[in-house]
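Given next are the chains, with one letter for each unit.
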Amino acid sequence: MTYLQTTLESAGVRKFITAVILFNAVILELETSEMVMARFGPFIGILDLICLALFVVELAMKLLASRFRFFRAWWNIFVFAFVMLCLACCDGEFIVLVHHLYAMN
């Protein structure tokens, strides 16, 4: 087992990813409130994109560590499809955010 695989399967990384999943669930629930989105919409959108970025990084690291063996487990296929769907639904928001942050500097 490689160092990357060992790190990804460590208790600390698993707990961190679980915390991000739970945090993202709260963010998704907040996005259903018109009052919350009217007041904090841009901030919640940024938090949602940060969670998605963390999921993409984790997925990329798992793909690097496992290569094509990654797709042997149904759970990995589900996670891959889910993250790709989330990226597709971003509809360019991430690019707009990066451009906006770059313009602020």
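To be clear, the structure that these remarks concern was listed above.
Reading the values: the criteria
Residues numbered from 1 in each chain as written. Predicted model: local features only at pLDDT ≥ 70, side-chain atom pairs only at ≥ 80, totals over all residues. Heavy atoms only, no water. Helix = DSSP H or I, 4+ residues; strand = E, 2+ residues; numbered from the N terminus. Buried < 20%, exposed > 50% of the residue type's maximum accessible area, 1.4 Å probe, protein only. Contact = heavy atoms within 4.5 Å. Areas by Shrake-Rupley, 256 points an atom, 1.4 Å probe, with all protein chains shown as cover. Core = buried A, V, L, I, M, F, W, Y, C linked by side-chain atoms within 4.5 Å.

**Observations concerning the overall build of the protein chain**
Regarding its fold elements, the protein chain presents 5 helices and 0 strands. For the protein chain, the α and β elements follow one another from N to C terminus as α-α-α-α-α. In the protein chain, which comprises 105 residues, the share counted as buried stands at 22%. Considering only contacts in the protein chain between residues 6 or more positions apart, those separated by 24 or more positions represent 58%. When the accessible surface of the protein chain is split by element, carbon and sulfur atoms take 72% of a total near 8,000 Å².

**Side note on the nonpolar core**
What tends to happen in soluble globular proteins is that the nonpolar side chains get buried as a cluster. Counting residues in hydrophobic clusters, the biggest one holds 6 residues: Val20, Cys51, Phe55, Leu59, Phe70 and Val83. The element that contributes the greatest number of residues to this core is helix H3 (residues 34-66), accounting for 3 residues. When neighbours within four sequence positions are excluded, Phe70 is seen to be in contact with Leu59, Lys62, Leu63, Asn76 and Phe80.

**Describing the environment of Phe71**
Assignment of secondary structure puts Phe71 in the loop between H3 and helix H4 (74-89). Taking relative accessible area as the criterion, Phe71 reaches 33% and is therefore assigned partly exposed.

**A few points about unusual backbone geometry**
Most peptide bonds take the trans form, and the phi angle of most residues other than glycine is negative. One non-glycine residue, Arg67, adopts positive backbone phi at about 55 degrees. Within the secondary structure, Arg67 sits in the loop between H3 and H4. Residue classification places Arg67 among the exposed positions, given a relative accessible area of 56%.

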